[in-house]
Structure formats: structure tokens, C-alpha cells
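# Topology and contacts: notes
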Amino acid sequence: MPPVTPQTWRNWAGNQRATPRRVVTPRSTADVAAAVKAAAGAGLPVRMTGTGHSFTDVAATEGLLLRPDGLTELRSVDTATGLVTAEAGMPLKVFNEQLAQHGLALANMGDIQEQTLAGATQTATHGTGRDAAGLVSQIAGLELVLADGSVVTCSREERPELFDAARAGLGALGVVTAITWQTVPAFLLEAREEPMRWEEVLERLEEFATGNEHFEFYWFPHTDGCLTKRNNRAAGPAEPLGRFRHWLDDEFLSNSVFGVANRVARRFPATITTINGVSARALGARTYTDVSHNVFTSPRRVRFKEQEYAIPREELADALREVRALIERRGWRISFPIEVRLLPPEDAWLSMAYGRDSAFIAIHVYHATPHEEYFRGVEEVLTPLGGRPHWGKLHTRDASYLEGVYPRFGDFLALRDRLDPERRFANRYLTQVLGT
């Protein structure tokens, strides 16, 4: 890749890049408001970036780029109600540490914690859960700077329409500067990870989904091997992984060895079937109990590109069988496992799980590997099922498709027209997914 200058932004995977005309690091909500007003005077669009963990160019701009590094304050903690307000640029990993110090936690989260609070929520980042939904469902209030530079707050009681739209707002309605969370008392999770055969997993999907608070699995293409993960609350005591086992599984095998394997696979694709077979066997069964965020999240150091779709949960088994058949028909060599997660219905308008029990199918390729044919082929399987693409992950859907799978899509667009008629917060990606 060419060197990155101070004015150049790129994402974590390295597949998105932008050179904004101006870059500002605001230190307060007032700074954000002033920057938005100044951009309007100069006729520049505005975007707030996060840590670049989206694979789409949702955060990119050629106008004014706001960096989140100066908005990291923990504003308030109420241990009695669990309401916690933090600024938009605080990374999730820091937020988790702050919550733990006050005996609090998020009820559910995804499998990495590098994103900023605003970046994760604006793209509807989620984990897997039977009862506890994604991050947007744990938001109790938002503070935003609108296109005219005004500062507003919203919640279920105050501006509820804006609240339901802006929790997963793609940055299209305003710049999120602070988020109030409904947290829960800190808890332990018992993690049970177990290799299992493909057919057994599919046959027992309903059992696993209803019998566990958090269930997910990975399938290694070209094999019958899956790795299942079942996480449930535990009374304790904590029995975390030993230092050596954590290093061996989560650093050495899942990152160092996996990274080497993908570099080899990229150069010698014929080795992928063998590598996947070894990978499926290398990560063996383990059970441990730890604080929730240590169980929910894992280090991800091998860079990749990703596509993820949410489909109705009842379609999951058939969809997976069709994806597997497609891989075999096309003769693709896929080195990354396919990840499957579940989520209950959410009520944020642009949540991928809006209004339905959802299954998420995520596919990946090594960051230096072409992805277009594979991703497009899987899209062709999932879109006839009403699939909704993750806003932060690669897809080809546009506004004409999305309005057919999101019941409140038109309401979102109407609200955007009122709040940002001049499209101060527009960029190429928002034009694709929301239209003009």
C-alpha cells in the first residue's frame, strides 16, 4: 500500500481510503457543532470516523473528517439505575474496563472491542443472543449535532422518532457525540467451546438457539468441521483460561498460525482444503468462566474483508446448505470459516434484526484476496430471503432494494430530509444505500 499521509484516512482492512480536505479532532460537543457550521459555510460534507473497523466506506469523506480521539470522556455513572453516559469516541475496550470498575457491564456485545462507541452503534454492530440483543438495543439516550449545528438529545421519551432512527443512523442524521447506555450488573459467563460435525449442528440448531443465552458457530469450508460456542451466565467462581492456554488458542493458533496459513493459502490455493481440515481439528474443546466482556470478545489480528447478512432465523439451515453447495459448484477455495450468529428482534429502524428473529451469516476472505465473486454469489443466495446486509460490511445493495426489506426505511428517509435537506452528512456510501 502507498504510505498514509497525515491527511489520508484508511480503514483497518486497508480496502477503503479517503483524502479529506480538512481533518479536525474536536474536544467537545461544542467543537463538533462549530466544525459542522464551518463546514456548511465552506460547502463541505462532514463525516465522523471511528477506528476504521467497517469494511464499507461508510465513514469516508472528501470534505471535513472529524476524528473521535478527543471525545473519550466518561460523563456519568449511576450504579443504581445502570445508566452510563460516555462520549462517542471512547473505544469499547476502554468502556468495558470503566464499567467493570463500577460493577457494571453491557448485556451483550460483538466479538471485538476495538471500535468506538459511536462507530459500533451507528452501523448496528451486534453479537449473538437469545434474550439480549445488539448494542443499539442497549442505548437509552443519544446526544447529536445536527446539520445546522444545533445540539439535541433523544430517548424513548424525548424525540422518540429520532431516537429510533438515530441509534443505527449511519451518521446520516447527525454526528453522535455522546451515548447513554442501559447497563446491567457485572456478570460472569461460562464459555463452552466444542468441535462438532456440520450435520449435527444444523440438526440441533433450535436446541442450541433456545437452550443457550448466547450461541454461535463457525464452519470451515471444504470440511464437515464446525466449532460451536455456547455462553451462559454462571454464578462463579471465575475460572478463566490459563495464560498459556489463552496464548496458545487465541494468539498463537487463531492469529499467528492462522495468519501464516492464509498467506500460504493465497499463494497456493490448492492447500486450502488441507489447511481448513487442520484448523477445524486444532481448536479443540475448552470450558472456562470469566467476566462477560472477556468471553464475548477475542483478539483479531489477521486482517480480512467481510460480508454479513441477516436473514429470518427459520431460513438459516436451508440457506447454509445452499451456500455450501454454491461453494462446491463454483470451485471456490475459501480459507476463512463462515460465522453464524443469532439475535432476537430489535426496534431501531435500521437494525439488521428489526422486527424479526434473525440469523446472521458472515463470510470473510484474507485482506489481500479478491472477494467480489464469492461475496456476490452468497448475496444471490441470501437476498431472495429478505437478507439485510450489515451496514459496515461489504455488499452491493442499494436504496431500491433496502426499502423493500426495512419496514421503516421510508420513515428514516423522511426524517433525514427534514434534518439534513442539504445532505451535509452525505458521502458515496450513503448515496448508494439511502439514495439522493
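Figured I'd write up the structure that's included with this text. From a predicted model like this one, the values you see are computed outputs, not experimental measurements. (Residues numbered from 1 in each chain as written. Predicted model: local features only at pLDDT ≥ 70, side-chain atom pairs only at ≥ 80, totals over all residues. Heavy atoms only, no water.)

### As for the pairing of strand 10 (residues 151-155)
Inspection of the sheet shows strand 9 (residues 139-145) paired to strand 10 by five bridges, in the antiparallel sense. Of the residues in strand 10, the one forming a bridge with G141 is S155. Connecting strand 9 to the antiparallel partner strand 10 that follows it, the hairpin turn spans five residues, and G149 within it adopts a positive phi of roughly 90 degrees. (Pairing = 2+ DSSP bridges. Helix = DSSP H or I, 4+ residues; strand = E, 2+ residues; numbered from the N terminus.)

### Structural notes on the environment of A120
You can see A120 is positioned in helix 3 (residues 117-122). On a C-alpha basis, the gap between A120 and A168 in space is 9.0 Å, while along the polypeptide they are 48 residues apart.

### Re the sheet that holds strand 3 (residues 22-24)
Here we have three strands laid out as an open sheet, ordered 3-5-4, and parallel in their pairing. The sheet terminates laterally at strand 3 and strand 4 (46-48), the two strands that pair on one side only. Averaged over all pairs of adjacent strands, the angle between their axes in this sheet comes to 20 degrees, without regard to strand direction. Relative to strand 5 (residues 64-66), strand 4 runs parallel, the two being bridged by three bridges. By the bridge assignment, V46 is partnered in strand 5 with L64. Where helix 1 (residues 29-42) meets the sheet, it contacts strand 3, strand 4 and strand 5, and its direction lies at approximately 170 degrees from that of strand 5. (Axes fitted to C-alpha atoms, helices over the stretch in contact; angles between N-to-C directions. Contact = heavy atoms within 4.5 Å.)

### Quick word on unusual backbone geometry
Following G236, the chain continues to P237 via a peptide bond in cis, the omega torsion being 5 degrees. Even without being a glycine, H222 presents a positive backbone phi close to 75 degrees. Among the structural elements, H222 can be located in the loop between strand 14 (214-219) and strand 15 (225-234). Judged by relative accessible area, H222 falls into the partly exposed class, the value being 25%. Phi is positive for R423, close to 60 degrees, though the residue is something other than glycine. Residue position: R423 is located in the loop between helix 13 (409-419) and helix 14 (428-434). (Buried < 20%, exposed > 50% of the residue type's maximum accessible area, 1.4 Å probe, protein only.)

### Focus: the pattern of salt bridges
Counted according to the given criterion, the structure contains 30 salt bridges. Here K93 and E114 are joined by a salt bridge, their closest N and O atoms 3.1 Å apart. Within this pair, whereas K93 is found in helix 2 (residues 92-101), its partner E114 is found in the loop between strand 8 (104-105) and helix 3, the two being separated by 21 residues in sequence. By relative accessible area, K93 is classed as partly exposed at 34%. Taking the relative accessible area as the measure of exposure, E114 reaches 35% and is therefore partly exposed. A single salt-bridge network, built from bridges that share partners, covers E306, E308, E339, R341 and K393. (Salt bridge = Lys/Arg side-chain N within 4 Å of Asp/Glu carboxyl O.)

### Describing the nonpolar core
Of all hydrophobic cores here, the largest spans 64 residues; its most connected members are F95 and W391. Those residues in contact with W391 that lie beyond four places of it in its chain are T56, T123, A124, L170, L350, M352, L402, Y406, Y429 and V433. Ranked by size, the runner-up nonpolar core spans 42 residues in total, among them A13, C226, I334 and F375. (Core = buried A, V, L, I, M, F, W, Y, C linked by side-chain atoms within 4.5 Å.)

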